[in-house]
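Fold and geometry: a report
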Amino acid sequence: MRFSRPVTHGDPVHYRGRFAPSPTGPLHFGSLVAAVGSYLDARANGGEWLLRIEDIDQPRTVAGATDAILRTLEGFGFEWDGPVLVQSQRLAVYRAVLLDRQAHGDVYPCACSRREIAALSPPTAVDGGLVYPGTCRAGLPGASVARAWRMRVPDGEIGFQDRVHGLVRQNLAREVGDFILLRADGQFAYQLAVVVDDGAQGVNAVVRGADLIDSTARQIWLQQRLGLPTPSYAHLPVVTTASGEKLSKQTRARAVDPAAGSVPLAAALEFLGHPVPPEIARGPLANFWGWATAAWSMARVPARRGACPRADAANQRLPP
Ligand code: GLU
């Protein structure tokens, strides 16, 4: 895979960010916003920007999407540092980490079905999800068969200073419950892979969509148990359609096209609170990136935005 800048060795790198798309479809305007925000923050801080393909969720992975995403990023002039890390090639690493947590008693097997959890879950869950009531915490009931492995969580607040949202606090026991590291279908969970890989890649600055803000306390807890440092976090506003849905494959988000040059990049940057002069928005990519890197300030990024007419217009043009 092509990469344009070698990762620095020797001197400690004071900023290392990343973009970690899931290849569930082509790059759409919502993921372009996360790419632009994480890239500019890294470059404006003189830092590195790594790329990771998060393709461990096999049922959701679409053939050809990884190549399409990399080609699109390249076409827009993004330059990443070091080789691209591909999660589906790292299952042995995730397995070793899970075995290690088993040895430490941090995880336990769980036989509960979603329906059983729903029947007992208190209505305080984040993300509209379910709080795991701890049914299997003290051992599998009777003759039941383990379906998943869960991480024990503490009953106390985990807080972090988000660079966009300020102080964010979550009590994992009350709002999430013991969470899954290995799913019932045998797939490793996003929470495990993302923490292991941010650690392995030495990422110390995470810039991503605010749809993941509720995952962050779980990731910090896992980092603590694994003895990994906690990166800084910035959660960018999420692009939604007029009906308030996040752009995704489910909302039939259209692919962004590098043939449009700087125009979609400028739209993404404006979405992040940075108005772009027309001559820059319509000019060559090199000018756009130079201008944008100098203009970038996380302090200008709004915590949330309303529906994005541009995203909506793009979606309307999709065939049913
Ligand atoms: N793979 C996730 C996504 O595409 C992003 C994960 C992250 O940035 O932590 O939504």
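First things first, this report covers the structure right here in the doc. (Residues numbered from 1 in each chain as written. Predicted model: local features only at pLDDT ≥ 70, side-chain atom pairs only at ≥ 80, totals over all residues. Heavy atoms only, no water.)

**Considerations on the overall build of the protein**
On a plain count of helices and strands, the protein comes out with 11 helices and 10 strands. Counting over 320 residues, the protein shows a buried share of 50%. Long-range contacts, defined as pairs at least 24 residues apart, comprise 78% of the intrachain contacts of the protein with a sequence gap of at least 6. Carbon and sulfur atoms provide 53% of the accessible area of the protein, an area that totals close to 14600 Å². (Helix = DSSP H or I, 4+ residues; strand = E, 2+ residues; numbered from the N terminus. Buried < 20%, exposed > 50% of the residue type's maximum accessible area, 1.4 Å probe, protein only. Contact = heavy atoms within 4.5 Å. Areas by Shrake-Rupley, 256 points an atom, 1.4 Å probe, with all protein chains shown as cover.)

**Details of the sheet that holds strand E3 (residues 85-86)**
Working definition: the strands of a sheet are paired by backbone hydrogen bonds and lie parallel or antiparallel to each other. Pairing is parallel across the open sheet formed by three strands, whose spatial order is E1-E2-E3. This sheet does not close on itself; its edge strands, each paired only once, are strand E1 (16-19) and E3. Across two bridges, the pairing between strand E2 (residues 48-53) and E3 is parallel. Note that in E3 the partner of Ile-53 across the bridge is Val-86. (Pairing = 2+ DSSP bridges.)

**Topic: the site of the ligand**
All residues in the neighbourhood of the ligand are listed as Arg-18, Ala-20, Pro-21, Ser-22, Glu-54, Tyr-190, Val-194, Arg-208 and Leu-212. At 2.8 Å from an oxygen atom of the ligand is found a side-chain nitrogen or oxygen belonging to Arg-208. (Near = heavy atom within 4 Å. Polar contact = N/O pair within 3.5 Å; in protein donor to acceptor, adjacent residues only side chain to side chain.)

**Section: helix H2 (residues 65-75)**
Ala-65, Ile-69, Leu-70, Thr-72 and Leu-73 are the residues of H2 that are buried. Angular distribution of buried residues about the axis of H2 spans 160°; they occupy a single face of the element. Looking at the buried residues of H2, the elements they touch are E1, helix H1 (29-44) and E2. Backbone geometry just downstream of H2 places Gly-77 in the positive-phi region, at approximately 90°. (Arc of directions from axis to C-beta.)

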